[in-house]
Amino acid sequence: MEFTTTRLEQIAILLADEIKEELAEKQGINEMEQVMRELVKETAGLGLQRAIEQGEERYAEKEVACRCGEQAKFVSKREAVLWTVFGKVDYKRRYYLCAECHQGQSPLDRKYGIVPGQVTQTLSSLLGVLGVEVAFEEASQLAERFLLFRVSDNTVRKQTEGHGNAQAQAEKGWIEKAENEKSLQVRERSLAYRSGRICASMDGAHVPLQHN
Ligand SMILES: [Zn+2]
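Remember, it's a predicted structure, so these values are computed and weren't measured experimentally.

A. Representation of the pairing of strand β2 (residues 71-84). Pairing geometry for strand β1 (residues 63-65) and β2, over three bridges, is antiparallel. The partner of V64 across the bridge, within β2, is A72. Connecting the antiparallel pair β1 and β2 is a turn made up of five residues, with G69 showing a positive phi of about 105°. In this structure, β2 lies alongside strand β3 (residues 87-98), joined through twelve bridges in antiparallel fashion. Note that in β3 the partner of V81 across the bridge is D90. Once β2 ends, the chain turns through two residues before running back antiparallel as β3.

Here it is as structure tokens:
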């Protein structure tokens, strides 16, 4: 990812000014680092909120198509919550309701693949990895140390179960791939044999053997 250097410098100056005020008398690098971490996390959360809200279409539609085939009417701007690696992100978006089937929807959520109230994929996979390694309570404490906010043991458990399912799917895929490769190797070997060359595998490296 390439960021504009001058932009980054402008942000860095703002961050440095902010922690300078925050720290005042304290001079140590440890306090400085800690405050910078908190500040970056808070700023990133707000940045994400703005980025999401900026995705709302400028001119509000009064109606949008509903899945049932009818039109959903604009109700109001509603608050929603999303759990991210920067903590809880609150944002507002336009909400529409269908009078026919009573399904509500937000085009902004759909646009970005957001499920309000849920944990993002990045946070979910981090929690899933932790939850596999240690007990849920410990995972929750570890997550707080790394991410600077607390998620419940229950959230860790839920993400770990989801992670476990994804892991099982991935492993199934690897096994299938390995089996396909094995049959491919067998086919290649028989082809090589027929063409008068045999490949022998030594420590995983294929060494061609020439027939005399
Ligand atoms: Zn509907």
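B. Layout of unusual backbone geometry. A positive phi angle, near 65°, is found at H102, a position not held by glycine. With respect to the helices and strands, the residue H102 is situated in the loop between β3 and β4 (104-105). Overall, H102 belongs to the exposed group, its relative accessible area being 61%.

C. How the structure looks around a negative patch on the surface. Residues D17, E18, E21 and E22 make up a contiguous surface patch of negative charge. Here E18 lies in helix α1 (residues 5-23).

Conventions adopted
- Residues numbered from 1 in each chain as written.
- Predicted model: local features only at pLDDT ≥ 70, side-chain atom pairs only at ≥ 80, totals over all residues.
- Heavy atoms only, no water.
- Pairing = 2+ DSSP bridges.
- Helix = DSSP H or I, 4+ residues; strand = E, 2+ residues; numbered from the N terminus.
- Buried < 20%, exposed > 50% of the residue type's maximum accessible area, 1.4 Å probe, protein only.
- Patch = residues over 30% accessible without salt bridge, like charges linked within 9 Å, V, L, I, M, F, W, Y side chains within 5 Å.
- Areas by Shrake-Rupley, 256 points an atom, 1.4 Å probe, with all protein chains shown as cover.
- Salt bridge = Lys/Arg side-chain N within 4 Å of Asp/Glu carboxyl O.
- Lys, Arg positive; Asp, Glu negative; His and termini not counted.
- Charge placed at Lys NZ, Arg CZ, Asp CG, Glu CD.

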